[in-house]
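Listed here are the chains, written in short residue letters.
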Amino acid sequence: MDIIFALKALVMGLVEGFTEFLPISSTGHLILAGSLLDLQRNVSKEVIDVFEIVIQAGAILAVCWEYRARIASVLSGLTSDHKARKFVLNLIVAFLPLAVLGLAVGKHIKAVLFKPVPVALAFIIGGFVILWAERRAKTNPTAVRIHSVEDMSVSDALKVGFAQAFALIPGTSRSGATIIGGMLFGLSRKAGTEFSFFLAIPTLLCATFYSLYKERALLSADLTGFFSIGTVAAFVSAFLCVRWLLRYISSHDFTVFAWYRIVFGVVVIVTSYTGMVAWVD
């Protein structure tokens with residue numbers, strides 16, 4: 001693997017890690033970054049699609065490491081602790097809507113919407129949804145009824161799960177959909193963020209293993225370095241991002257991310273239609 005190809009893998013991994021848990025869409029950023037880096041010069045689009053999913057495992061391992069004590073406590077308490085069993089049940093329930101809809105329509109959505117301009121439109125729309133949700137939270141603070149993920153009911157988890165399903169639309173943001181959806185359904189910003197972290201574990205791990213199995217014919221020893229560099233970079237950057245985000249939400253809202261989405265989306269659309277950037281579909 002030449003140095004330029006390795007640097008592209010590194011950049012893609014960093015993009016994945018820094019964006020996976022922020023409400024700005026890691027998939028959208030990977031599509032745009034891959035277009036700018038012209039990854040199709042090095043590997044096929046099918047390999048890129050698998051790579052973008054597989055490196056999510058690095059980001060998930062970062063969450064597992066950050067919450068390792070809590071995860072160990074839940075796993076050890078499955079046979080004796082009602083709260084641990086309830087927490088795992090909530091994760092399973094919240095995971096199901098995306099899993100079912102993804103298997104049913106994911107391929108069709110991917111064929112139509114995994115392109116720079118549709119992603120940019122999703123960026124902009126998602127930004128306005130975040131602004132609306134944050135304004136609603138400020139004008140009606142009493143709407144928050146859940147301050148800890150342990151206080152969530154099965155119906156709360158199901159609602160967040162349906163919100164997560166909107167992440168099938170590239171550019172929407174899985175974390176943004178779950179966090180903002182959670183806030184709209186009565187979760188505090190902190191509870192919504194933490195539940196989004198935990199929900200990412202089954203969601204992204206299943207996506208990774210399913211993609212690896214389904215597209216195993218595309219993989220070869222020559223791609224080991226490409227995948228390894230991207231995964232390690234995603235782990236390191238996601239670990240830093242998770243720690244930063246937990247501190248950030250203790251005293252800030254998500255408004256800045258909303259405006260970032262809107263501005264970034266407009267830039268992509270303008271540069272695409274003016275020909276300033278030759279975005280690759």
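Residues numbered from 1 in each chain as written. Predicted model: local features only at pLDDT ≥ 70, side-chain atom pairs only at ≥ 80, totals over all residues. Heavy atoms only, no water.

Colleague: Quick rundown of the state of the cysteines? Include the residues and the values.
Modeller: Counting across every chain of the model gives zero disulfides. Sulfur of Cys64: no disulfide; nearest cysteine sulfur belongs to Cys206 and is 12 Å away. Assessed through its relative accessible area of 23%, Cys64 is described here as partly exposed. Overall, Cys206 belongs to the partly exposed group, its relative accessible area being 39%. (Disulfide = S-S within 2.5 Å. Buried < 20%, exposed > 50% of the residue type's maximum accessible area, 1.4 Å probe, protein only.)

Colleague: How would you summarise the packing of helix H1 (residues 3-19) against helix H11 (residues 224-248) if you had to cite specific residues and measurements?
Modeller: Geometry of a packed helix pair, given as the angle between the helix axes and the separation of the axes. Where H1 meets H11, the closest approach of the two axes is 7 Å, and the angle between their N-to-C directions is 30°. Note that H1 runs across H11; the crossing there is right-handed. Contacts from Phe5, Ala6, Ala9, Leu10, Gly13, Leu14, Glu16, Gly17 and Phe18 of H1 reach H11 at Phe226, Ile229, Gly230, Ala233, Ala234, Ser237, Ala238 and Cys241. Here the contact of H1 with H11 is composed, by residue class, of twelve nonpolar, four polar and one charged. (Axes fitted to C-alpha atoms, helices over the stretch in contact; angles between N-to-C directions. Helix = DSSP H or I, 4+ residues; strand = E, 2+ residues; numbered from the N terminus. Left-handed = near helix turned anticlockwise from the far one by under 90°. Contact = heavy atoms within 4.5 Å. Nonpolar A, V, L, I, M, F, W, Y, C, P; charged D, E, K, R; others polar.)

Colleague: So what about unusual backbone geometry? Which residues, and what values?
Modeller: The phi dihedral of Ser25 falls on the positive side, at around 75°, and the residue is not glycine. In this structure, Ser25 sits in the loop between H1 and helix H2 (26-37). Ser25 sits in the buried class, given a relative accessible area of 2%. A positive phi angle, near 90°, is found at Ser173, a position not held by glycine. Mapped onto the elements, Ser173 comes out in the loop between helix H8 (154-164) and helix H9 (174-184).

Colleague: Summarise a nonpolar patch on the surface; cite the residues concerned and give the values.
Modeller: Taken together, the side chains of Ile3, Ile4, Leu7, Leu10, Leu14, Phe18, Val232, Val236 and Leu240 define a hydrophobic patch exposed on the protein surface, amounting to about 790 Å² of accessible area. Listed by contribution, the elements that provide at least two residues to the nonpolar patch are H1 and H11. Here the nonpolar patch gets six residues from one element, more than from any other, and that element is H1. Along the chain, Leu7 falls in helix H1. Classification of Leu7 as partly exposed rests on a relative accessible area of 42%. (Patch = residues over 30% accessible without salt bridge, like charges linked within 9 Å, V, L, I, M, F, W, Y side chains within 5 Å. Areas by Shrake-Rupley, 256 points an atom, 1.4 Å probe, with all protein chains shown as cover. Salt bridge = Lys/Arg side-chain N within 4 Å of Asp/Glu carboxyl O.)

Colleague: Summarise empty space enclosed by the protein; cite the residues concerned and give the values.
Modeller: Empty space among the atoms can be located by rolling a probe the size of a water molecule over them. Within the structure shown, the criterion is met by two cavities of 30 Å³ or more. For the second largest cavity, the full set of lining residues is Lys83, Lys86, Phe87, Asn90, Val149, Glu150 and Met152. Across the lining of the second largest cavity, the residue classes tally to three nonpolar, one polar and three charged. (1 Å grid on protein atoms, 1.4 Å probe; cavity = no way out; pocket = protein on both sides within 12 Å on 5 of 7 lines; lining within 4 Å. Points joined across faces, edges and corners; volume = space filled by probe spheres on them.)

Colleague: Please set out the confidence of the model for the chain residue by residue, giving values where relevant.
Modeller: Chain-level statistics for the chain give a pLDDT mean of 91 and a share of 99% at 70 or above. Highest mean pLDDT in the chain belongs to H8 (96); lowest belongs to H2 (87). (pLDDT = per-residue confidence, 0-100.)

Colleague: With reference to specific residues and values, describe the pattern of salt bridges.
Modeller: Inspection of every chain in the model, using the stated rule, returns ten salt bridges. A salt bridge links Glu194 to Arg70; its shortest N-O distance comes to 3.2 Å. With Glu194 in helix H10 (residues 189-214) and Arg70 in helix H5 (residues 68-76), this pair connects stretches of sequence that are 124 residues apart. Glu194 sits in the buried class, given a relative accessible area of 9%. The partly exposed category is assigned to Arg70, whose relative accessible area is 26%. When salt bridges with common partners are traced through the structure, they connect Arg70, Glu150, Lys190 and Glu194 into a single cluster.

Colleague: Tell me about the packing of aromatic side chains, residues and numbers included.
Modeller: Aromatic ring pairs: the centre-centre distance and the angle between the two ring planes describe each pair. Applying the stated rule across the entire model yields 14 aromatic pairs. Seen in terms of ring centroids, Phe51 and Phe227 are 5.5 Å apart; in terms of plane orientation they differ by 80°. Their pairing is edge-to-face. Residue Phe51 is located in helix H3 (residues 45-54), and its partner Phe227 is located in helix H11; the two are separated by 176 residues in the primary sequence. Judged by relative accessible area, which is 0%, Phe51 ranks as buried. (Phe/Tyr/Trp six-rings, centres within 6.5 Å; stacked < 30°, edge-to-face > 60°.)

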